[in-house]
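# Fold and geometry: a report
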Amino acid sequence: MKKLFISCAALFVFLAVNAPVKAESVYGFIYKNSTEAGEGLSNVAASKKGSATCTSYFGIVGVGSCGIKDAAKAGNIRTVSYYDYETKNILGFKKVTVNAYGQ
């Protein structure tokens, strides 16, 4: 019974760590390093870039603020033209960076 409980707990942790939080075009349980396009928000030429990063440790603890508004604030951008996501995942250590572009 103890082995069954430990096996179920390990499976739960594995699935929780690797569960996608949004529709991802590329998905990797063990390793992922990709950049995914966001949406175009305006027709303003992009002359500035701002980034915001958040990190998840094995799906148990998540820290940081990685919203589009945070990235725009970091880059001193008033009008966001478009944004993208950079995702790196190595065995449950996941880092997501949102890049905002605009003026």
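Quick look at the structure, then. The model shown is predicted, which means the values in this text are computed figures rather than measured ones.

### A short note on the overall build of the protein
A tally of regular secondary structure across the protein gives two helices and five strands. Starting at the N terminus and ending at the C terminus, the protein contains elements arranged as α-β-β-β-α-β-β. Counting contacts in the protein only where the partners sit at least 6 residues apart, residues at least 24 apart contribute 62% of the total.

### Observations concerning the state of the cysteines
Considering all chains together, one arrives at one disulfide under this definition. There is a disulfide in this structure between Cys54 and Cys66, and the S-S distance comes to 2.1 Å. Handedness of the Cys54-Cys66 disulfide follows from its S-S torsion of about 45°: it is right-handed. On the criterion of sequence distance, the pair formed by Cys54 in strand E2 (residues 48-57) and Cys66 in the loop between strand E3 (61-64) and helix H2 (68-74) is long-range, its members being 12 residues apart. Its relative accessible area of 22% is what places Cys66 among the partly exposed residues.

### Some details on the nonpolar core
Among the nonpolar cores identified, the biggest contains seven residues, and these are Ala52, Ala71, Ala72, Ile77, Val80, Val98 and Ala100. Every element with two or more residues in this core is listed here: H2 and strand E5 (93-102). Contacts of Ile77, omitting those with residues within four sequence positions, involve Lys48, Lys49, Gly50, Ala72, Ala100, Tyr101, Gly102 and Gln103.

### Here's the deal with the pairing of strand E4 (residues 80-90)
In summary, the side chains of a regular strand alternate between the two faces of the sheet. In this structure, strand E1 (residues 31-40) lies alongside E4, joined through eight bridges in antiparallel fashion. Bridging from a neighbouring strand, Tyr31 pairs with Ile90 of E4. Pairing analysis gives 10 bridges linking E4 to E5, with the strands arranged antiparallel. Along E5, the bridge assignment pairs Val80 with Gly102. In textbook terms, the turn of a hairpin is the stretch between consecutive antiparallel strands, and for E4 and E5 this stretch comprises two residues, one of which, Leu91, has a positive phi near 50°.

### Here's the deal with the sheet that holds E1
What the five strands build is an open sheet, ordered E1-E4-E5-E2-E3; its pairing is antiparallel. Edge positions in the open sheet fall to E1 and E3, since each of these has one partner strand only. Going from strand to strand, the sheet's axes swing by 15° on average, the running direction of each strand aside.

### Considering the side chain of Thr87
With respect to the helices, strands and loops of the structure, Thr87 is situated in strand E4. For Thr87, a relative accessible area of 3% corresponds to the buried category.

Rules of the game
Residues numbered from 1 in each chain as written. Predicted model: local features only at pLDDT ≥ 70, side-chain atom pairs only at ≥ 80, totals over all residues. Heavy atoms only, no water. Helix = DSSP H or I, 4+ residues; strand = E, 2+ residues; numbered from the N terminus. Contact = heavy atoms within 4.5 Å. Disulfide = S-S within 2.5 Å. Buried < 20%, exposed > 50% of the residue type's maximum accessible area, 1.4 Å probe, protein only. Core = buried A, V, L, I, M, F, W, Y, C linked by side-chain atoms within 4.5 Å. Pairing = 2+ DSSP bridges. Axes fitted to C-alpha atoms, helices over the stretch in contact; angles between N-to-C directions.

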